[in-house]
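Results of the structural survey
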Amino acid sequence: MRVKDLPKSDRPRERLMASGAAALADRELLAVLLGSGFRGSSALDLASEVIQRCGDLETLSRSEPHRLLTVPGIGPAKAARVSAAFHLVRRADAWPERERINNTSDLAHACAPLLRDRTQERLVLVVCDIRGRVLRRVVLSEGGADHTTVPIREVITEVLTAGGAMFGLAHNHPGGSLEPSVADLEATTQLLAAAETVGVRLLDHVIIVDEAWRRIPT
């Protein structure tokens, strides 16, 4: 049976888009990468044949493109695509470990260099993946000596655009007070609700002054 003859809920590409890559078996992921089958065999059949001939995914990941060409149905385009995909994974694994945010203290230390010694209030957003690895750190707004806005919609948009699963916020109080204002408390409550609505997690919102910091309660 051709992949396009399967119900949409059973097609690898549609399942990946609906449920994420983790929901697919090895041969389904490879079928998405191959894109098409060969002479009456579906992309799923071809993927199974490739894995069977290579022995396992580890061997496949190390296979040179010319070896893949020995599998019937694998031409230069498919062989190059598979080889390139696995090589990208190896490059990603070799990339230096990203900074991680494991707790409120980590968040404060990650934001402090962008907030200390400032004469105006500034808001910093840190976006993390599901493991707490920092994906993006950005100054979102900068206001006066005693106030800066917390743009709720922009915060959530930045998190989703970066592919984040969690995020934290920090802002400074140039006057030196660690006491959260009414606006700080209200903004944190709104952020918590907005995060829950779109399925991401607010790690914390902290106030930073000089060498000290304080978590805003939620």
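This text follows the structure it describes.
Structure report, in brief. Please read these numbers as outputs of a predicted model, since none were measured by experiment.

**As for the overall build of the chain**
- Check the secondary structure of the chain and you find nine helices and five strands.
- Listing every helix and strand of the chain by position from the N terminus yields α-α-α-α-α-α-α-β-β-α-β-α-β-β.
- Relative to the 2.2 N^0.38 estimate, which gives 17 Å for 218 residues, the radius of gyration of the chain is 24 Å and therefore markedly larger than a compact globule would have.
- Its C-alpha atoms put the chain at 75 × 35 × 25 Å along the principal axes.
- A buried classification covers 38% of the 218 residues belonging to the chain.
- By element, 52% of the accessible surface of the chain is carried by carbon and sulfur atoms, the whole surface being about 12,500 Å².

**Things to note about the sheet that holds strand 1 (residues 122-128)**
- Strands sit in the order 2-1-3-4-5 across an open sheet of five strands; the sheet is mixed. One side of each edge strand has no neighbouring strand; the edge strands of this open sheet are strand 2 (134-142) and strand 5 (212-215). Neighbouring strand axes in the sheet, compared pairwise and without regard to direction, differ in orientation by 20 degrees on average.
- Note: strand 4 (residues 201-209) against strand 5, four bridges, orientation antiparallel. Bridge pairing in strand 5 places Val206 opposite Arg215.
- With respect to the sheet, helix 7 (residues 104-111) is in contact with strand 1, strand 2, strand 3 (166-172), strand 4 and strand 5, its orientation differing from that of strand 4 by roughly 55 degrees.
- Of the strands in this sheet, strand 1, strand 2 and strand 3 touch helix 8 (residues 152-161), which is tilted by about 160 degrees from strand 2.

**So, the pairing of strand 4**
- Of all nine residues in strand 4, eight are buried, a share of seventy percent or more.
- Inspection of the sheet shows strand 3 paired to strand 4 by seven bridges, in the parallel sense. Bridging across to strand 4, Phe167 finds its partner in Leu202.
- A crossover links strand 3 with its parallel partner strand 4, the connecting element being helix 9 (residues 182-198), and its sense is right-handed.
- Where strand 4 hands over to strand 5, the hairpin turn is made up of two residues, of which Asp210 adopts a positive phi near 45 degrees.

**Quick look at unusual backbone geometry**
- Although it is not a glycine, Asp117 adopts a positive phi angle of roughly 65 degrees.
- Along the polypeptide, Asp117 turns up in the loop between helix 7 and strand 1.
- Positive phi, normally seen in glycine, also occurs at Asp210, with a value near 45 degrees.
- In this structure, Asp210 sits in the loop between strand 4 and strand 5.
- Of the residues examined, Asp210 reaches a relative accessible area of 54% and is grouped as exposed.

What counts, and where the lines are drawn
Residues numbered from 1 in each chain as written. Predicted model: local features only at pLDDT ≥ 70, side-chain atom pairs only at ≥ 80, totals over all residues. Heavy atoms only, no water. Helix = DSSP H or I, 4+ residues; strand = E, 2+ residues; numbered from the N terminus. Rg over C-alpha atoms; globule rule 2.2 N^0.38 Å. Buried < 20%, exposed > 50% of the residue type's maximum accessible area, 1.4 Å probe, protein only. Areas by Shrake-Rupley, 256 points an atom, 1.4 Å probe, with all protein chains shown as cover. Pairing = 2+ DSSP bridges. Axes fitted to C-alpha atoms, helices over the stretch in contact; angles between N-to-C directions. Contact = heavy atoms within 4.5 Å. Right-handed = clockwise from strand over helix to strand, strands pointing away.

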